[in-house]
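Commentary on secondary and tertiary structure
These are the residues of each chain, in order.
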Amino acid sequence: MELKEKYLEYFKGKKYNITTFGCQMNEHDSERISYILEDLGYTYTSDRNSADFILFNTCLVRENAELKLYGQVSSLKKLKKEHPEKIIVVSGCMMQTSTAREVIVNKHKEVDIVFGTKNINSLADLILRFLETGQRVIDISTDYGKDDFEKYNSTNYFQAYVNIMRGCDNFCSYCIVPQSRGREESRRPYSIIEEIEYLVDQGYKEFTLLGQNVNSYGNKTNYGFTFPELLNRVAKIKGVERLRFTSSHPKDLSDELVYVMRDNDNICNFFHLPMQSGSNDVLEKMNRKYTIEKYIERANKLKKEIPGIALSTDIIVGFPTETEEDFQKTLEACQIVQFDSAFTFKYSPRPKTLAAKLPIIDDEIVQDRFQRLLDELYPIFYQKNNEYIGRTVKVLIESESKNNPEIMTGRTDTFKLCHVKASKDLIGKFVDVKITDNTSFTIAGDLVK
Ligand code: 5AD
Ligand code: SF4
């Protein structure tokens, strides 16, 4: 008898809960984990304390995510004591690096299973091994094995994330990702295409191609596909109604990619292009390999070729050595580019990165700059969203709004979060919405019949 069969009864009625930290790749890894758990027989619960299987999918890009994880795991000590049969699991980027893993393994005996970013496909085996032996299972792979075709996908039935590459070779001086996710590896193009064709058959409409730096897709391979070529090929698959991708490094944003976006209507008019800083001195110390002039030139190229495109970015404030003058240049660049949205971060020193050796800036100064950056950005976001008033836009309805079940939320192709009064039946469907209202972060309007 297969081990899985032996535990069929055990899994019946069991509930799982997942807490995800970090980026979209982690979000998607959690979707893959959910798929595997549901295949075993678990069902999802949003109530962590009542779950039989409690998993934390971790991130270590910034220190606060790391500290939060230790806090949340510690808070389960009592629960585990009272209910030793509950299974507590920690996975993801933190577990892929030895220092953070040792903290969990040595100081958190309440954790039963530990695995990394590269062996998600073995999760069912790890759980069965734990049930069989009753012994803690710690299993970290250094390579992905044969998991090229992912098969399992999203927790909803119309939007799918598809990994096209993993890892990163860029070594930005502040970033721990090359250590945690490893060197860059591109997935075989035909495996990606085959997966998307399969998902189209399943009814998926919107696809997001994922990678730490999708623009360098195909480098170091003999696949004969660059990222623009892959994107162009995927855009031609019948049934791919919307196509997105993230993230992109500005140094690798080619004209060819801009033209592929321009020439395919189903590729969304949205570009996430992390700027990090507006100062060339800081960009150089960050090892970003572009100047702010080059960044602005790339942003202008996108705007010129794809009118109406929305741009979003990542910005770090308080990078070591950042002066007030450097910071002013970041504010100026924000005014020049006119971002639609941004993720803003306070610099957080990460172990074994080059920047961690540099002296850090006083926290009060960083906090002050951080606030001033938001004060600069929010009116720009507001203005950008305000330009939508009176327009009719196509929105893919995703879910009920958090606060009001009569209001649905969805996204435009420019990735604007849009609220509209509509019925739940429209989830997963495209609707036309006439925009009447906006904030810095959302637009809202009425359904056009
Ligand atoms: N401190 C602050 N922000 C960071 N990021 C990456 N590493 C750090 C760090 N050490 C930000 C960058 C990146 C985003 C995913 O996270 O802006 O683009
Ligand atoms: Fe980190 Fe830079 Fe790679 Fe992005 S491109 S994952 S910031 S090293």
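Owing to the predicted nature of the structure, the values given are computational and were not obtained by experimental measurement.

Quick look at the domain arrangement of the protein chain now. Interface size is commonly expressed as the accessible surface area that is lost when the partners come together. Segmentation of the protein chain into domains returns domain 1 (2–139), domain 2 (159–386) and domain 3 (392–447). The centre of domain 1, based on its C-alpha atoms, is set 30 Å off from the matching centre of domain 2. Counting residues at the interface gives 18 residues for domain 1 and 18 residues for domain 2. Taken together, the two surfaces of domain 1 and domain 2 that pack against each other cover about 1,700 Å², and 53% of this comes from carbon and sulfur. Broken down residue by residue, the surface that domain 1 buries against domain 2 is led by Gln-24, Met-25 and Arg-62, which jointly contribute 36%. Inspection of the region where domain 1 meets domain 2 yields 2 salt bridges. In this structure, Glu-66 engages Arg-350 in a salt bridge whose closest nitrogen and oxygen atoms are separated by 3.0 Å. Scanning the region where domain 1 abuts domain 2 turns up 6 residue pairs in polar contact (both at pLDDT 80 or more).

On to helix 16 (residues 363–386), then. Here helix 16 is 24 residues long and its end C-alpha atoms lie 34 Å apart, about the 34 Å a rise of 1.5 Å per residue gives. Contacts made by the buried residues of helix 16 are with strand 13 (310–317), helix 15 (324–337), strand 14 (341–346), strand 18 (430–438) and strand 19 (442–447).

Within the largest apolar cluster, 67 residues are counted, with the highest numbers of intra-cluster contacts made by Ile-196, Phe-207, Leu-231, Met-261, Phe-271 and Leu-302. Ranked by the residues each element gives to this core, the list is headed by helix 16, at 7 residues. Those residues in contact with Leu-302 that lie beyond four places of it in its chain are Leu-253, Val-258, Met-261, Phe-271, Leu-273, Ile-309 and Leu-311. Judged by nonpolar contacts, the second largest core, of 24 residues, contains Tyr-16, Ile-36, Phe-115 and Ile-120.

Once that is clear, we can look at the site of ligand 1. Close contacts around ligand 1 come from Val-61, Arg-62, Tyr-174, Gln-276, Asp-314, Ile-316, Phe-345, Lys-346, Tyr-347, Ser-348 and Arg-350, and that covers them all. Burial of ligand 1 by the protein chains amounts to 86% of its free accessible area of 410 Å². When contributions to the shell around ligand 1 are tallied by element, the ones reaching two or more residues are strand 13 and strand 14. Partitioned by chemical class, the residues of the shell around ligand 1 number 5 nonpolar, 2 polar and 4 charged.

Reading guide: rules and limits
- Residues numbered from 1 in each chain as written.
- Chains lettered and ligands numbered in written order.
- Predicted model: local features only at pLDDT ≥ 70, side-chain atom pairs only at ≥ 80, totals over all residues.
- Heavy atoms only, no water.
- Domains from an automatic or database assignment.
- Contact = heavy atoms within 4.5 Å.
- Buried area = accessible area lost by both parts, 1.4 Å probe.
- Salt bridge = Lys/Arg side-chain N within 4 Å of Asp/Glu carboxyl O.
- Polar contact = N/O pair within 3.5 Å; in protein donor to acceptor, adjacent residues only side chain to side chain.
- Helix = DSSP H or I, 4+ residues; strand = E, 2+ residues; numbered from the N terminus.
- Expected span 1.5 Å × (residues − 1).
- Core = buried A, V, L, I, M, F, W, Y, C linked by side-chain atoms within 4.5 Å.
- Buried < 20%, exposed > 50% of the residue type's maximum accessible area, 1.4 Å probe, protein only.
- Near = heavy atom within 4 Å.
- Areas by Shrake-Rupley, 256 points an atom, 1.4 Å probe, with all protein chains shown as cover.
- Nonpolar A, V, L, I, M, F, W, Y, C, P; charged D, E, K, R; others polar.

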